[in-house]
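Spelled out from the first residue to the last, the chains are:
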Amino acid sequence: MSNQKKRNFQIEAFKHRVVVDPKYAEKTWKILEHAIHEIYNHNASGLSFEELYRNAYNMVLHKFGEKLYSGLVTTMTAHLKEISKSIEAAQGDLFLEELNRKWNDHNKALQMIRDILMYMDRTYIPNSRKTPVYELGLNLWRDNIIHSGKIQSRLLSTLLELVHRERTGEVIDRGLMRNTIKMLMDLGSSVYQDDFEKPFLEVSAEFYKVESQKFIECCDCGDYLKKAEIRLNEEIERIAHYLDVKSEAKITNVVEKEMIANHMTRLVHMENSGLVNMLLDDKYEDLGRMYNLFKRVPNGLSMIRDVMTSHLRETGKQLVTDAESSKDPVEFVQRLLDERDKYDKIICQAFSNAKTFQNALNSSFEYFINLNSRSPEFISLFVDDKLRKGLKGVSEEDVEIILDKVMMLFRYLQEKDVFEKYYKQHLAKRLLSGKTVSDDAERSLIVKLKTECGYQFTSKLEGMFTDMKTSQDTMQGFYANHPELAEGPTLVVQVLTTGSWPTQPTITCNLPTEMAALCEKFRSHYLGTHTGRRLSWQTNMGTADIKATFGKGQKHELNVSTYQMCVLMLFNNADRLSYKEIEQATEIPASDLKRCLQSMACVKGKNVLRKEPMSKDIGTDDAFFVNDKFTSKFYKVKIGTVVAQKESEPEKLETRQRVEEDRKPQIEAAIVRIMKSRRVLDHNNVIAEVTKQLQSRFLANPTEIKKRIESLIEREFLERDSDDRKLYRYLA
Amino acid sequence: MPLVCLSSPEGIEALCSDLGVDYTDVRILMLAWKLKAEKQGYFTQDEWQTGLKALGVDSLTKLKKALPELEKEVEEPSNYEDFYIYAFQYCLTEEKQKSVDIESICELLNLVLGVQFRPQVDSLVEYLKVQNDYKVINADQWINFLRFCKEISFPDLENYDATQAWPLILDNFVEWMREKQS
């Protein structure tokens, strides 16, 4: 066992040598001051970082941070003042280069100094709320260089000059610009904004104001827009290359305002090259450019839209009220379709299919299509033409496309019930004369109408198709039951259900004996299987094929109307017949008879009859003979058609009257429906609701609605409220 | 109670001459209203007795004296509309009749509204005679004539609004008046 003394180790705080030397601070500072000088003089390599750091550390530790800091400020300021002089001395283009070079030097120096003084940065500076070293360095640079009297304005004018030169087409040193601008940004956003950006925007505004004025005097609209677009892109590119990205929105605003917003109206309305001309000439590229540029300014797009709308309305109005185009309904509708296609394409290609423009297009069409009260009739005639021959040979997809386009026009109609009436008439004629080119197309259109307007609109139309099919079956059954009739004339009967087909006055005529007998046989056959029904022959709607032999032996097959057949068959038993004799024998109504005789006696190429005298009109004293000299290069000759035609004035009036009559019960039904659910409602709301309910069929006239209300009051369906005269009450 | 044979128009004519009042005088109509007479030109025994009681008279002389008071009673705002409507219904002589012909309406307007609304009645009557949209007037149109006179300033027609619930015949009348005035 050793007798070792136990030694207690005590750890004592490391004690510095307490410095009592008053000159200590001054001496240390001088070392550091010298170091700063060396750094600025590019002599830093000879310095010991560790030593300098320690010196600075000691100063701060011994409570000489204040001295260190103020010394730093003084020294740095002195150096910067020197630097400032050297920059001021630089000539011309070298100015910026010198500035940049010195800036880089300063940055490097600053970093080194900051590293050396790191301890102060972390302790003394936060405690005494002083500016940290790096930031201090920037501020001193800003105050002594950038804001120095001799440099500040020169810097700005140099930068602006360079931008201006670039704008006028010169190539500038973009790298230099970028560095300079970056310097300003590093010095603080307010420096960038006040010392560069604000003046830059002002000068740019002035520049573009002048330039746009120059352009607008000498360029047409399309060229001007091209130039504006180029300038705009230039500015955006400039930002990307050497300016703060936050300036982009500001400078583009300037260009947009000066070049576009200020001249918007003049551009749009420029004679011979403005918006309207672009629309007329389908200038998709120019229009697209205008759209993109105007999109950037307030009210730009709405201006384009408004001008387009008023132009479209004007053009459309002229189209529909032009007397010439009204002469040919098919042409009329085709022109509408073409116009729509044109604008559809423009909106798609140039206006990026914007919904607001689509709406403007639709509302314009709705406006002018209804200016012509014959639009519904014409659209039906257009469809009729297509379904009779226009769609022959057209592929199924193309048929759908055409029908869809027609549906678009249909949607614009306010008086859809008028269309329905005409469509029914025309469809009836097509079906009965077997003249439809494609059954599928017919049905496809019915389906589209049903989707658009509901079942009620098309149920009768579908009934017509059903009747045609049923009639075929009936005919088969008839001939199956009467095989002995196979030798005689072939009868084809279409049995039409009264409610589904357009109403016709039932006037019959005297059929030739053979036909009359045959028809009777059919009637008894039909009524045998369908008791309780009533059949009436519609002799004004039928057709007949007759084989005829003329004087010189020429044989022809004549396709005629039933009336014409009645007249012609008379000549089997007589060579000469007077008008009166024909009238008596056939009992065809006078106007129809005259038309029928005229088509057979006065039309070149169809004159199977000869008339004395040879006048153009049919007189009641005329005499008729078979035209033995009749010739035609065709074996089959078609005389007299039951083609749908544009209505004559009196027919038009009649149809219009029928439509008005049909509307009355519809209005009343709407009123009753509304009043039944609301019980009590004031006058204006009744009008509004009724109009809304009937909108899909026609535009209800408030006066007409009022009349119907009064009629309902009289019939005690409604009453007026005894206190408030404006209210109506439903009477259960 | 005076025994008057009133179950005939002649009886009423006799009554009128006794009262010293013309058969077509509006006061006879007022009397009919007071009596709640159902049939034009006739007073039933019941109506006569109940009515006279209501008037508080029991002799022809007293009845004659009560006529001015009756007039005042009718002209009271609370009674006037009732009387006005009664006047129309009194003209519905046939069963299920709902309208009155234009001629009669013109006379009735003169009789009933002529004193209080002379200018309106004159114009309205003139219009009714020249227009040919309507050959008869129904109860709804009739009551609105009164409202028209009461509510619409005449002859400027400033506050008339055709988009409101006025019957169409009045819309047309106003249009006709405005055309005449321009």
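Residues numbered from 1 in each chain as written. Chains lettered and ligands numbered in written order. Predicted model: local features only at pLDDT ≥ 70, side-chain atom pairs only at ≥ 80, totals over all residues. Heavy atoms only, no water.

- Per an unreviewed UniProt entry, the recorded name for chain B is Defective in cullin neddylation protein, and the organism is Hibiscus sabdariffa.

- For chain A, the name recorded in an unreviewed UniProt entry is Cullin family profile domain-containing protein, with Hibiscus sabdariffa as its organism.
- Under the Sequence similarities (unreviewed entry) heading, UniProt states for chain A: "Belongs to the cullin family." (UniProt positions renumbered as here; feature names shortened; annotations may be inferred.)

### Quick word on the overall build of chain A
Okay, step 1: On a plain count of helices and strands, chain A comes out with 31 helices and 9 strands.
Okay, step 2: Here chain A has a C-alpha radius of gyration of 49 Å; the compact-globule value for 732 residues is 27 Å, and the former is much larger.
Okay, step 3: In terms of principal-axis extent, the alpha carbons of chain A reach across some 160 × 75 × 75 Å.
Okay, step 4: For chain A, with 732 residues in total, the buried portion stands at 44%.
Okay, step 5: Accessible surface computed for chain A: about 39,300 Å², of which carbon and sulfur atoms make up 50%. (Helix = DSSP H or I, 4+ residues; strand = E, 2+ residues; numbered from the N terminus. Rg over C-alpha atoms; globule rule 2.2 N^0.38 Å. Buried < 20%, exposed > 50% of the residue type's maximum accessible area, 1.4 Å probe, protein only. Areas by Shrake-Rupley, 256 points an atom, 1.4 Å probe, with all protein chains shown as cover.)

### Details of the interface of chain B and chain A
Quoted interface sizes are often the accessible area lost when the parts come together.
Okay, step 1: Of the residues lining the interface, 17 residues belong to chain B; the matching set on chain A comes to 15 residues.
Okay, step 2: A combined buried area of about 1,400 Å² lies between chain B and chain A, and 42% of that area is made up of carbon and sulfur atoms.
Okay, step 3: Looking only at chain B, the three residues that lose the most surface to chain A are B:Gln164, B:Ala165 and B:Leu168, adding up to 40% of its buried area.
Okay, step 4: The interface formed by chain B and chain A contains 3 salt bridges.
Okay, step 5: For the salt bridge of A:Arg725 with B:Glu151, the shortest nitrogen-to-oxygen distance reads 3.4 Å.
Okay, step 6: Inspection of the chain B/chain A interface yields 11 residue pairs in polar contact (both at pLDDT 80 or more).
Okay, step 7: Looking at the side of chain B that touches chain A, the elements with two or more residues in it are helix 8 (139-151) and helix 9 (168-181) of chain B.
Okay, step 8: Among the elements that line the side of chain B that touches chain A, the one with the most residues is helix 8 of chain B, at 5 residues. (Contact = heavy atoms within 4.5 Å. Buried area = accessible area lost by both parts, 1.4 Å probe. Salt bridge = Lys/Arg side-chain N within 4 Å of Asp/Glu carboxyl O. Polar contact = N/O pair within 3.5 Å; in protein donor to acceptor, adjacent residues only side chain to side chain.)

### Focus: the UniProt feature "domain: Cullin family profile" (unreviewed entry) in chain A
Okay, step 1: Per the UniProt record, "domain: Cullin family profile" (unreviewed entry) is found at residues 374-601 of chain A.
Okay, step 2: Helix makes up 61% of residues 374-601 of chain A and strand 7%, whereas the separation of the span's terminal C-alpha atoms amounts to 33 Å.

### Thoughts on the environment of A:Thr703
Okay, step 1: Take A:Thr703: it is sitting in helix 31 (residues 702-714).
Okay, step 2: Taking the C-alpha atoms as reference points, A:Thr703 and A:Ala623, 80 residues apart in sequence, are found 54 Å from one another.

### Examining the environment of A:Trp141
Residue and element names in this part refer to chain A.
Okay, step 1: Among the structural elements, Trp 141 can be located in helix 7 (residues 133-146).
Okay, step 2: For Trp 141, a relative accessible area of 0% corresponds to the buried category.
Okay, step 3: For the pair formed by Trp 141 and Gly 553, sequence separation is 412 residues and the distance between their alpha carbons is 121 Å.
Okay, step 4: Excluding anything up to four places from it in sequence, Trp 141 contacts Leu 80, Ile 83, Ile 87, Leu 99, Lys 102, Trp 103, His 106, Ile 146, Met 183 and Leu 187.

### Describing the sheet that holds strand 5 (residues 623-626) of chain A
Residues and elements named next belong to chain A.
Okay, step 1: Pairing is antiparallel in the open sheet, where 3 strands are placed in the order 3-5-4. Each edge of the open sheet is held by one strand with a lone partner, namely strand 3 (576-578) and strand 4 (609-612). Ignoring strand direction, the axes of neighbouring strands in this sheet form an average angle of 30°.
Okay, step 2: Two strands pair when backbone bridges link them, and strand 3 and strand 5 are joined in this way by 3 bridges, in the antiparallel orientation. Directly across from Ser 578, in strand 5, lies its bridge partner Ala 623.
Okay, step 3: Across the sheet, helix 27 (residues 579-586) lies against strand 3 and strand 5, angled at about 85° from strand 3, the strand it touches most. (Pairing = 2+ DSSP bridges. Axes fitted to C-alpha atoms, helices over the stretch in contact; angles between N-to-C directions.)

### Considerations on the confidence of the model for chain B
Residues and elements named next belong to chain B.
Okay, step 1: With 96% of its residues at a pLDDT of 70 or more, chain B has an overall mean of 83.
Okay, step 2: Here helix 1 (residues 9-19) stands out as the element of chain B with the lowest mean pLDDT, 75, in contrast to helix 7 (residues 118-130), whose mean of 92 is the highest.
Okay, step 3: In the predicted assembly, ipTM is 0.80 and pTM is 0.75. (pLDDT = per-residue confidence, 0-100.)

### Considering helix 7 of chain B
Side chains of residues three or four places apart in an α-helix project in the same direction, reflecting 3.6 residues per turn.
All names here are of chain B.
Okay, step 1: With 13 residues, helix 7 should reach 18 Å at 1.5 Å per residue; the first-to-last C-alpha distance of 19 Å fits that figure.
Okay, step 2: Of the positions making up helix 7, those classed as buried are Gln 120, Val 121, Ser 123, Leu 124, Val 125, Tyr 127 and Leu 128.
Okay, step 3: Where the residues of helix 7 are buried, they touch helix 6 (102-113), strand 2 (136-138), helix 8 and helix 9. (Expected span 1.5 Å × (residues − 1).)

### Considering the pairing of strand 1 (residues 543-549) of chain A
Okay, step 1: Burial along strand 1 of chain A is one-sided: A:Ala544, A:Ile546 and A:Ala548 are buried, and none of A:Thr543, A:Asp545, A:Lys547 and A:Thr549, which face the opposite way, are.
Okay, step 2: In textbook terms, the turn of a hairpin is the stretch between consecutive antiparallel strands, and for strand 1 of chain A and strand 2 (residues 555-561) of chain A this stretch comprises 5 residues, one of which, A:Gly553, has a positive phi near 90°.

### A few points about the packing of aromatic side chains
Okay, step 1: Enumeration over the complete set of coordinates arrives at 35 aromatic pairs over all chains.
Okay, step 2: An angle of 80° between the planes, with centres 5.0 Å apart, marks the rings of A:Phe207 and A:Tyr208 as edge-to-face.
Okay, step 3: Classification of A:Tyr208 as buried rests on a relative accessible area of 0%.
Okay, step 4: Ring geometry for A:Phe419 against A:Tyr423: centres 5.6 Å apart, planes inclined by 20°, an arrangement best described as stacked. Placement of the pair is A:Phe419 and A:Tyr423 together in helix 22 (residues 416-433), with a separation of 4 residues, close to one helical turn.
Okay, step 5: Looking at A:Tyr423, the relative accessible area reads 1%, which means it is buried.
Okay, step 6: Through successive ring pairs, a cluster of aromatic residues spans B:Tyr127, B:Phe148, B:Tyr160, B:Trp166, B:Phe173 and B:Trp176.
Okay, step 7: One cation-aromatic arrangement involves A:Arg305 over A:Phe357; the distance from NZ or CZ to the ring centre is 5.6 Å.
Okay, step 8: In this structure, A:Arg725 is placed above the aromatic ring of B:Trp166, and the distance from its NZ or CZ to the ring centre is 3.8 Å. (Phe/Tyr/Trp six-rings, centres within 6.5 Å; stacked < 30°, edge-to-face > 60°. Lys NZ or Arg CZ within 6 Å of the ring centre and 35° of its normal.)

### Describing the side chain of A:Lys611
Residues and elements named next belong to chain A.
Okay, step 1: Residue position: Lys 611 is located in strand 4.
Okay, step 2: Residue classification places Lys 611 among the buried positions, given a relative accessible area of 4%.
Okay, step 3: A polar contact of 2.9 Å, which involves the side chain of Lys 611, links it to the backbone oxygen of Asp 617.

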